[in-house]
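Breakdown of the fold
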Amino acid sequence: MSQPFVAVRHDAVTIELMLPAAHASSAKELANTFRANALEAISAIELHASFILHCVNCGSSKVALAVFDTFRQTYDTATNDIHIVIQAHGLDEAAARRVLKGYFSAWPIVNSHIIPSFIGAGARLPALFTAESNGLMAMFGGQ
């Protein structure tokens, strides 16, 4: 069975997202209620990131995670930093902010799924994360 496409539109820009069948119905409903906040024309990457934010704001974490995964695959953020992707697309400051806002809105959801799936795959977490004797080792900030 092929995965269904969900179309998200804003003005002349349309992105088609191939999502797991389990999330397609909810994603289509979210796409129908989605209205990009920007009045000006936006690029496909901005639309994609804005739709992630919409899914997160609507409380649909499973759909947000699926849409985030399509973003990661489409823009290769698994191997490229999101800031490099933004630079490669030549986005202005406002567009870059929209992409970053949408992209990072999903991080709490993404992080809550990374560790459980990592453990579920039979991998052992490093002692750094599991040893009871370990405490705060370093704190970074102000970058």
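Everything below is about the structure printed above this text.
Residues numbered from 1 in each chain as written. Predicted model: local features only at pLDDT ≥ 70, side-chain atom pairs only at ≥ 80, totals over all residues. Heavy atoms only, no water.

Quick look at the pattern of salt bridges
The following threshold applies: Here, a salt bridge means any Lys or Arg side-chain nitrogen found within 4 Å of an Asp or Glu carboxyl oxygen. Helix and strand assignments come from DSSP, with helices taken as H or I runs of at least 4 residues and strands as E runs of at least 2, each series counted from the N terminus.
Throughout the structure, instances matching the rule amount to three salt bridges. The closest approach of N and O atoms between Glu46 and Arg98, which form a salt bridge, is 2.6 Å. Note that Glu46 is positioned in helix 2 (residues 44-57) and Arg98 in helix 5 (residues 93-105), a separation of 52 residues in sequence. Between Asp69 and Arg72 there is a salt bridge, with the nearest N and O atoms lying 2.6 Å from each other. Here Asp69 pairs with Arg72, and both are found in helix 3 (residues 61-75), just three residues apart, close to one helical turn.

Here's the deal with the pairing of strand 1 (residues 5-10)
Put simply, the rule is: Relative accessible area decides the class of each residue, using a 1.4 Å probe on protein chains only: under 20% of the type maximum gives buried, over 50% gives exposed, and in between gives partly exposed. What makes two strands pair is DSSP finding at least two bridges between them.
Only one face of strand 1 is buried, namely the one carrying Val6, Val8 and His10, since none of Phe5, Ala7 and Arg9 on the opposite face is buried. Bridging between strand 1 and strand 2 (residues 13-18) involves six bridges; their strand directions are antiparallel. Across the sheet, residue Ala7 finds its bridge partner in strand 2, namely Glu16. Between strand 1 and strand 2, which pair antiparallel in sequence order, lie two residues; one of them, Asp11, sits at a positive phi of approximately 50°.

Some points on the environment of Ala27
The condition that has to hold: The contact definition used throughout considers only heavy atoms, calling two residues in contact when any of these lie within 4.5 Å.
Relative to the assigned elements, Ala27 resides in helix 1 (residues 21-33). Note: C-alpha distance between Ala27 and Ala7 (20 residues apart in sequence) is 9.2 Å. Once residues lying within four places of it in the same chain are set aside, the contact partners of Ala27 are Val6, Leu19, Phe51 and Val63.

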